[in-house]
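Breakdown of the fold
Now for the letters of each chain:
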Amino acid sequence: MKNVIEVTAAIIVKDGKVLAARRGPGKHLEGYWEFPGGKLEENESPESCLERELKEEFNIASTVGGYIGESVYDYGEKVVRLLGYEVQHTGGEFELVDHEELRWLKIDQLTDVTWAPADIPLVEQYEARARALGYYSTRAVEYCRETSEFVMGDLYRPFLKYLSPVAHILDLGCGSGRDSKAFRKLGHNVTSVDGSAEIAAWASVFTGHTVEVKTFEQLEYQEEFDGVWASASLLHCPETQLRGVIQKILVALKDEAVAYMSFKWGDSASVDDLGRYFTNQTTHSLRLILESIKDTEILELWDSEAMLRGQPQRWACAIVRKRGGKT
């Protein structure tokens, strides 16, 4: 069995552009572009590793922010697990030591360079996240006003029938807070989170309760919830990241607790006219994903159709139960 080498990657963003670095002559993967970083040393945290590596590679000071995601790639002679973090450049001028060129790329320029294979999933994850957050931050009020008025009717029933009358629910990607408000009205205790600061602020006012700003990658709850409601919120997760996010949801659930999730229907990923990435699912593809995740029991899996902005929209929906203890 091959050893897995853990490597950190810095996603440095400045003025809306992302830093890419090209590997120098004589280096492994010479000529390929990458997010800068390096191998974790023994007893070293990813954050400390990144700060050290960026100092050594570019002679800059940095502050490590939120976790973006990971990528695992088999290079044949070794398997690399790449951990991506947002990083802020806080001081010093960039000096080239291990790289021969740096570029600051706009979101729509990320595919203009040839990335190292392990970096490609991180590029996709960052791009999907940036596009979604960009859309929701600029259109937060419009989006929240529109979705807060959607009539959900009996759509809560399949989920709520598995919960006690007073359950603790995580509304994951709560958007306008419409569902959080409805669950509280029914007597439940609700924790609401959203990845967009602008939407969280709007939802906090709308619901009268604080909405935490958290991306899926930043979820760190441990066996806290009786139910997780992820209605049309996981659909922006890249396919490479989706299993990991669902595993985080299971960790957040108590044993035997349940989670609901829904995705727009489709055989493959898509990008809409507004630049938003969607990980579409069918009931078949969603079943395959859920069956591949340990301690996951599929309670219900179905498709439905509802009107969305004047057009019929088909959905793939699932309710799963956490079984067998910690995942």
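Residues numbered from 1 in each chain as written. Predicted model: local features only at pLDDT ≥ 70, side-chain atom pairs only at ≥ 80, totals over all residues. Heavy atoms only, no water.

Broken down by element type, the protein chain carries eight helices and 16 strands. A compact globule built from 327 residues should have a C-alpha radius of gyration of about 20 Å, and the protein chain, at 21 Å, falls within 12% of that. Taken along the three principal axes of its C-alpha coordinates, the protein chain extends 60 × 45 × 35 Å. As displayed, the protein chain offers around 15,700 Å² of accessible surface, 47% of which is attributable to carbon and sulfur atoms. Of the side-chain charges in the protein chain, 37 are positive and 52 negative, and the distance between the mean point of each set is 4 Å. (Helix = DSSP H or I, 4+ residues; strand = E, 2+ residues; numbered from the N terminus. Rg over C-alpha atoms; globule rule 2.2 N^0.38 Å. Areas by Shrake-Rupley, 256 points an atom, 1.4 Å probe, with all protein chains shown as cover. Lys, Arg positive; Asp, Glu negative; His and termini not counted. Charge placed at Lys NZ, Arg CZ, Asp CG, Glu CD.)

Before going further, it helps to examine the sheet that holds strand β11 (residues 225-230). Strand-to-strand pairing in sheets goes through backbone hydrogen bonds, with the strands running parallel or antiparallel. In spatial order, the strands read β10-β9-β8-β11-β12-β16-β15; together these seven strands make up an open sheet with mixed pairing. The strands lining the two open edges of the sheet, one partner per strand, are β10 (212-213) and β15 (296-308). Strand direction decides the pairing type here: strand β8 (residues 168-172) and strand β9 (residues 189-194), joined by five bridges, are parallel. Its bridge partner lying in β9, isoleucine 169 is registered against valine 190. Its contacts with the sheet put helix α5 (residues 178-185) on β8, β9 and β11, and the angle it makes with β9 is roughly 175°. (Pairing = 2+ DSSP bridges. Contact = heavy atoms within 4.5 Å. Axes fitted to C-alpha atoms, helices over the stretch in contact; angles between N-to-C directions.)

Running from amino to carboxyl end, helix α3 (residues 140-148) crosses helix α6 (residues 197-207) at an angle of 45°, the nearest separation of the two axes being 9 Å. Taken as axis vectors, α3 and α6 run oblique relative to one another. Viewed along their axes, α3 and α6 form a crossing whose handedness is right-handed. Across from Ala140, Val141, Tyr143, Cys144, Arg145 and Ser148 in α3, the residues of α6 making contact are Glu198, Ile199, Trp202 and Phe206. Its residues assigned to classes, the contact of α3 with α6 comprises seven nonpolar, one polar and two charged. (Parallel < 35°, antiparallel > 145°, perpendicular 65-115°, else oblique. Left-handed = near helix turned anticlockwise from the far one by under 90°. Nonpolar A, V, L, I, M, F, W, Y, C, P; charged D, E, K, R; others polar.)

Quick look at the environment of serine 45 now. Inspection of the secondary structure assignment puts serine 45 in the loop between β4 (37-39) and α1 (46-58). Expressed as a C-alpha distance, the spacing of serine 45 and valine 151, which sit 106 residues apart in the sequence, is 46 Å.

Moving on: the layout of surface pockets. Empty space within the second largest pocket amounts to approximately 420 Å³. Lining of the second largest pocket is provided by 22 residues; of these, Val7, Arg23, His28, Glu34 and Lys78 occupy positions nearest its centre. Elements that contribute at least two residues to the lining of the second largest pocket include exactly β1 (4-14), β4 and β6 (79-91). Among the residues making up the lining of the second largest pocket, the classes are represented as ten nonpolar, four polar and eight charged. (1 Å grid on protein atoms, 1.4 Å probe; cavity = no way out; pocket = protein on both sides within 12 Å on 5 of 7 lines; lining within 4 Å. Points joined across faces, edges and corners; volume = space filled by probe spheres on them.)

For the rest of this paragraph, the subject is α6. When α6 is considered as a whole, its buried residues turn out to be Ile199, Ala200, Ala203 and Thr207. For α6, the buried positions fall inside an angular range of 100° around the axis, keeping them on one side. The elements touched by buried residues of α6 are α2 (120-138), α3, α5, β9 and β10. (Buried < 20%, exposed > 50% of the residue type's maximum accessible area, 1.4 Å probe, protein only. Arc of directions from axis to C-beta.)

With a phi close to 60°, asparagine 59 is a non-glycine residue in the positive phi region. Within the secondary structure, asparagine 59 sits in the loop between α1 and β5 (61-74). Among the residues examined, asparagine 59 registers a relative accessible area of 32% and is labelled partly exposed. Not every positive phi belongs to a glycine, and glutamate 256 is a case in point at roughly 70°. Inspection of the secondary structure assignment puts glutamate 256 in strand β12 (residues 253-264). We classify glutamate 256 as partly exposed; its relative accessible area is 40%.

Residues Phe159, Leu172, Leu234 and Met261 are the most contacted members of the largest nonpolar core, which totals 48 residues. The leading source of residues in this core is β12, at seven residues. In this view, leucine 172 contacts Val193, Phe216, Leu219, Val228, Trp229, Ala230, Ser233, Leu234 and Ile249; residues no more than four positions away in its chain are not counted. Formed by 21 residues, the second largest nonpolar core is a distinct cluster that contains Val7, Phe35, Val80 and Val113. (Core = buried A, V, L, I, M, F, W, Y, C linked by side-chain atoms within 4.5 Å.)

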